[in-house]
Amino acid sequence: MSRQRSMENILASQYVSIGELVRITNSRYSTLKHYTEEGMLPFEQAEENLTRRYKREETVARILWIKEMKSNGLSIPQIKEALGMN
């Protein structure tokens, strides 16, 4: 099992893992995995180990926006529409 990066290193990094996004945004892993599977969180995949890498700044902003829309009562289909995923 790999050692976790410090929050300082995570916040200085251009790319982060889904586990690091959980720590940054205080979200559940299963929620972020679902958003990824729904196409709501874009990622890059390194071919060597198939690890999904998310652009930290863009993805954190998107997660916070999704959380705001959810708190305003929007459904996943409505959020996807707001994200331009028609």
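Since this is a predicted model, take the numbers as computed values, not measurements.

(A) Quick peek at the overall build of the protein chain. Helix and strand content of the protein chain: five helices and three strands. The C-alpha radius of gyration of the protein chain comes to 13 Å, within 12% of the 12 Å expected for a compact globule of 86 residues. Principal-axis analysis of the C-alpha atoms gives the protein chain an extent of 35 × 25 × 20 Å. When burial is assessed residue by residue, the protein chain has 30% of its 86 residues classed as buried.

(B) Fine view of the sheet that holds strand β1 (residues 15-16). Across the sheet, three strands lie side by side as β1-β3-β2; this open sheet has antiparallel pairing. Edge positions in the open sheet fall to β1 and β2 (44-45), since each of these has one partner strand only. With two bridges connecting them, β1 and strand β3 (residues 52-55) associate as antiparallel partners. In the sheet register, V16 faces β3, and the bridge partner there is Y54.

(C) The packing of aromatic side chains, seen in detail. For the structure on display, the rule yields one aromatic pair. Judged by centre distance (6.0 Å) and plane angle (55°), the ring pair of F43 and Y54 falls under tilted. Of this pair, F43 sits in the loop between α3 (29-37) and β2 while Y54 is found in strand β3, placing the two residues eleven residues apart along the sequence. By relative accessible area, which is 32% here, F43 ends up partly exposed. A cation sits over an aromatic face here: R52 above F43, 4.6 Å from the ring centre.

(D) Inspection of the UniProt feature "domain: HTH merR-type" (unreviewed entry) in the protein chain at higher detail. Here the UniProt-annotated "domain: HTH merR-type" (unreviewed entry) positions come out as residues 15-85. When the span residues 15-85 is considered, its composition is 56% helix and 11% strand, and the gap between its end C-alpha atoms is 23 Å.

(E) Just the nonpolar core, in detail. Grouped together as the largest cluster of nonpolar side chains are 17 residues, with contacts concentrated most on L21, L32, Y35, M40, L41 and I66. Looking at this core, the elements that each hand over two or more residues are α2 (18-25), α3, α4 (56-71) and α5 (76-82). Ranked by residues supplied to this core, first place goes to α4 with four residues. Look past the residues within four positions of I66 in its chain and what remains in contact with it is Y35, M40, L41, I79 and L83.

Conventions and cut-offs
Residues numbered from 1 in each chain as written. Predicted model: local features only at pLDDT ≥ 70, side-chain atom pairs only at ≥ 80, totals over all residues. Heavy atoms only, no water. Helix = DSSP H or I, 4+ residues; strand = E, 2+ residues; numbered from the N terminus. Rg over C-alpha atoms; globule rule 2.2 N^0.38 Å. Buried < 20%, exposed > 50% of the residue type's maximum accessible area, 1.4 Å probe, protein only. Pairing = 2+ DSSP bridges. Phe/Tyr/Trp six-rings, centres within 6.5 Å; stacked < 30°, edge-to-face > 60°. Lys NZ or Arg CZ within 6 Å of the ring centre and 35° of its normal. UniProt positions renumbered as here; feature names shortened; annotations may be inferred. Core = buried A, V, L, I, M, F, W, Y, C linked by side-chain atoms within 4.5 Å. Contact = heavy atoms within 4.5 Å.

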